[in-house]
Amino acid sequence: MSVKIPLSPIPVLNFVSGKFKAGTGSKISIHSPHNGALIGEIHQSSPEDIQTAIADARRAQKEWAATPIKERTKILFQLRQILLRDIDEISHLKSSESGKTFTEGKAGLMKGIEVLEFATSLQNLDVGGKLEVSRGVSCEYRRMPVGVVASITPFNFPAMVPFWTIPTALALGNAYIWKPSEKTPLTSMKIAQSLQEAGLPDGIFQVLQGGAEVAQSLLDHPDVQALSFVGSTPVARAVYERGTKAGKRILALGGAKNHIVLLPDANPEIAGIGISDSFTGCAGQRCMAAAVVLAVGEVRHHIQKIIDRASSLELGKDMGAIISKAQVKFLHDQIENAVAEGAKILLDGRKASPPPGMEQGNWIGPTILDYVSPHQEISKLELFGPVLCIVRCKDISEAMRIENSSLMGNACSVFTSSGALAEKVISMASTGMVGVNVGVPVPREPFSFGGINQSKFGHGDITGTSSLDFWSNLKKVTVKWDQQHDNNWMS
Ligand code: NAD
């Protein structure tokens, strides 16, 4: 299905105190990456708008915290139904602003719904715990909300990334303030509308539109107690430093440069499709995309399969557009430099034609470069586009040395039919997520999502059970009602 692009610009509004309202700051225009059409206009939040939203969240959160978790999650069950009912509409909207194909837009939302399902399950789990620690004395954990929390999200997953945190933070009793990417803000209004329809009280979920300045105001505000960030590494680091300096709990996920170890004994079909789909999916604009193939030994037949699969993709149908013209130019420049430095081009996406009628969009086809040196900039820098570098390695040890030298740490995968070799890569990989014969090793819930090294600043993961500690505080309660039978050291 082709993506439905809004025919006229949508005013992008804040959602504060249960009402949509234009921010009173300056404006930003939003153009669809598919065809360049003006599809939205953000009214950015002013300092006064931010102040009002946080004060309202603070007021509303007290009542929400006192609401039993079974009542809170009932709203999330309702939200799930609404999202499934409107899945096509939301998928078109998010794809039109991010450049994704309709299928990719829908897949991202389904993953977001999976996290929502995880959060609804919290109503059936004892997320605290109680024990009789001595005769007549019990100790108990109570999971308390943090208070007013915030999140700052990137352009590439306008619904999935926010849904990594919205459901769990709300289920645990927090009031949540979201600053979506100023490049893809349209979906945020639909999500706010869906939460309101599901029955969420006013003030518990707010959306503040804008760019870096709005994000920084949230980081500096004393009433925001915890903040999650997802975006590029330089900004993630800056957000972590600024937020922790202001005394906040911060989890900041950054960029990536993911390696695939390709071994001669891999299943050619699984490897060819898995690697090609990994670097071309979302036009390479995802933090789990394959970026570098570490080709060990004789793998010519595998590489041919990757080329065959990637060159069969039709732009606009199987592969989406790039977020901006500046990013397309950056990709062109990187490819040109790599070739000038000696890389061999096996597939040149710069020559691909845009889909008919989409000539004003931002397009580049899949590109594969072979004989790239591990020392070249292109094999180290995050590109965020459909460009795959192949680095030739004589053995697994050399491949893992290169992988281990990466500053990033999101994902590493191995394609092989040997359990022992797969285990070697699993144990040696310097990443938070590892795949075996899987091109995009995103863990399914309840297994949590998160990298290491410069792909993450802060402790814990952003989804799954690991995220519960981020969005809550543990209150430890020790109780004695009766006279104790015996004295012990605690009496
Ligand atoms: P970005 O870092 O440019 O922007 C992300 C968010 O940060 C936006 O909302 C933006 O407004 C805000 N921002 C920008 N400058 C800021 C500043 N100085 N202070 C505070 N906030 C600021 O990222 P992007 O281009 O939107 O997204 C692509 C990047 O996100 C890639 O690097 C990609 O790898 C990364 N990403 C990582 C993950 C992950 O799980 N690790 C997931 C998705 C995307």
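Residues numbered from 1 in each chain as written. Predicted model: local features only at pLDDT ≥ 70, side-chain atom pairs only at ≥ 80, totals over all residues. Heavy atoms only, no water.

## Observations concerning the state of the cysteines
Inspection of the entire model under this criterion finds zero disulfides. Cysteine Cys 389 is unpaired, with the sulfur of Cys 393 as its nearest cysteine sulfur at 13 Å. Residue Cys 389 is classed as buried on the basis of its relative accessible area, which comes to 0%. (Disulfide = S-S within 2.5 Å. Buried < 20%, exposed > 50% of the residue type's maximum accessible area, 1.4 Å probe, protein only.)

## Side note on helix H7 (residues 212-220)
What H7 keeps buried is the set Val 214, Ala 215, Leu 218 and Leu 219. Within H7, the buried residues cover an arc of 145° as seen down the axis, which keeps them to one side. Here the buried face of H7 lies against helix H1 (47-65), strand E8 (148-152), strand E9 (175-179), strand E11 (226-230), helix H8 (233-245) and strand E12 (249-253). (Helix = DSSP H or I, 4+ residues; strand = E, 2+ residues; numbered from the N terminus. Arc of directions from axis to C-beta. Contact = heavy atoms within 4.5 Å.)

## Observations concerning the packing of H7 against H8
H8 packs onto H7 with a crossing angle of 30° between their chain directions and a minimal axis gap of 8 Å. Judged by the inter-axis angle, H7 sits roughly parallel to H8. For the pair formed by H7 and H8, the contact residues are Gln 216, Leu 219 and Asp 220 on the first element and Val 239, Arg 242 and Gly 243 on the second. Taken together, the residues of the contact of H7 with H8 sort by class into two nonpolar, two polar and two charged. (Axes fitted to C-alpha atoms, helices over the stretch in contact; angles between N-to-C directions. Parallel < 35°, antiparallel > 145°, perpendicular 65-115°, else oblique. Nonpolar A, V, L, I, M, F, W, Y, C, P; charged D, E, K, R; others polar.)

## Structural notes on the site of the ligand
Neighbouring residues of the ligand: 30 residues in total, closest Thr 153, Glu 182, Ser 232, Gly 254 and Glu 382. Computed on the free molecule, the ligand has an accessible area of 850 Å², of which 89% lies beneath the protein chains in the complex. Contributing elements (two or more residues each) for the shell around the ligand: H7, E11 and H8. The element best represented in the shell around the ligand is H7, accounting for three residues. Split into classes, the residues belonging to the shell around the ligand amount to 16 nonpolar, 10 polar and four charged. Looking at which domains feed residues into the shell around the ligand, each of domain 1 (10-255 + 451-475) and domain 2 (258-407 + 411-436) gives three or more. (Near = heavy atom within 4 Å. Areas by Shrake-Rupley, 256 points an atom, 1.4 Å probe, with all protein chains shown as cover. Domains from an automatic or database assignment.)

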